[in-house]
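Breakdown of the fold
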Amino acid sequence: MIIEGKTTLTFDCYGTLIDWESGIWDGFQQLLQTNNSTLMRKTCLEAFAEIESTVQAQQPDRLYPEVLQLTHKLFAKRFALKTSPELDRRFGNFIPFWPAFPDSADMLRRLKAHFKLVILSNVDRTSFAGSNERLGVEFDSIFTAEDVGSYKPNPQNFAYMMRNLHCETTNILHVAQSLFHDIKPATDAGLNTVWIDRQGLVDGGSWGATARIDNPPQADIRFSSLQEFTEFACKAP
């Protein structure tokens, strides 16, 4: 059984616990309204996924709000929209306003009674602190891209986490939504994985704000929500 012997759950945050797609879409509204743009949510999120992942790979030393600022600027350029430094900064600083998924806080509290909870996130510490207030739980360890100096899916991020956890890989279960950022590099690092398929990809859903990946890896187990996973994990012997 996949949960057997696991003492530590490591989580991606954005897309798994925080509804970053709604937050990103909300963050784009002022740019779209200013330009009287009719761009649809799906188009915006897919463009965001491509631009953001490229910026992260090319400029890993940028803090995440700076990544978002540049992504916003490049997004506007791609669609011939007029932006400004103020609009770019607003988008970059919008992370604390991104909502949590409705099941995140309650389910994390339940899981906390059974496991150590760890965050491995592609943001900076200040941005995560804002999101953590929405999640209602104290994590045992928090590792961010700011700490590592690179962004997932760079394998350095998982290597950094595992060095600092001082925990056997067999005791860790990585829980995440993104096949691109998490499931593949976690699998490559030798971790068991839980895919929280928030986007319903197995049923033909959209990749949204997550970069596409060819030949997606096979997670050890899949759930459609954190609540579904929690019911499974907390009932396991």
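These numbers come from a predicted model, not from an experiment. (Residues numbered from 1 in each chain as written. Predicted model: local features only at pLDDT ≥ 70, side-chain atom pairs only at ≥ 80, totals over all residues. Heavy atoms only, no water.)

Keep in mind that most residues, glycine aside, have a negative phi and that most peptide bonds are trans. Residue proline 153 is bonded to the preceding lysine 152 through a cis peptide linkage, with omega at 20°. Along the chain, proline 153 falls in the loop between helix H7 (145-148) and helix H8 (155-165). Positive phi outside glycine occurs at asparagine 36, with the angle close to 50°. Tracing the backbone through its elements, the reader meets asparagine 36 in the loop between helix H1 (20-34) and helix H2 (41-58). For asparagine 36, a relative accessible area of 67% corresponds to the exposed category. Positive phi, normally seen in glycine, also occurs at histidine 166, with a value near 50°. When you line up the elements, histidine 166 lands in the loop between H8 and strand S4 (172-176). The exposure class assigned to histidine 166 is exposed, which follows from its relative accessible area of 70%. (Helix = DSSP H or I, 4+ residues; strand = E, 2+ residues; numbered from the N terminus. Buried < 20%, exposed > 50% of the residue type's maximum accessible area, 1.4 Å probe, protein only.)

What follows covers the nonpolar core. For soluble globular proteins, the rule of thumb is that nonpolar side chains tend to be buried together. Phe11, Tyr64, Trp98, Leu111 and Phe229 are the most contacted members of the largest nonpolar core, which totals 56 residues. With near-sequence residues (within four places) excluded, leucine 111 lies in contact with Leu9, Phe11, Leu117, Leu226, Phe229, Thr230, Ala233 and Cys234. Ranked by size, the runner-up nonpolar core spans 10 residues in total, among them Leu120, Met162, Leu165 and Ile172. (Core = buried A, V, L, I, M, F, W, Y, C linked by side-chain atoms within 4.5 Å. Contact = heavy atoms within 4.5 Å.)

Now for the pattern of salt bridges. In total, this model carries 13 salt bridges according to the counting rule given. Salt bridges linked by common partners bring Asp12, Lys152 and Asp182 together as one network. (Salt bridge = Lys/Arg side-chain N within 4 Å of Asp/Glu carboxyl O.)

Attention now goes to the state of the cysteines. All told, the structure shown has zero disulfides when counted by the stated rule. For the unlinked cysteine cysteine 234, the closest cysteine sulfur is that of cysteine 167, found at 18 Å. (Disulfide = S-S within 2.5 Å.)

In this fold, leucine 120 is placed in strand S2 (residues 116-121). Considering only alpha carbons, one finds leucine 120 and aspartate 12, 108 residues apart in sequence, at a separation of 5.4 Å. Excluding residues within four positions of it along the chain, leucine 120 makes contact with Phe11, Asp12, Phe143, Lys152, Asn157, Phe158 and Met161.

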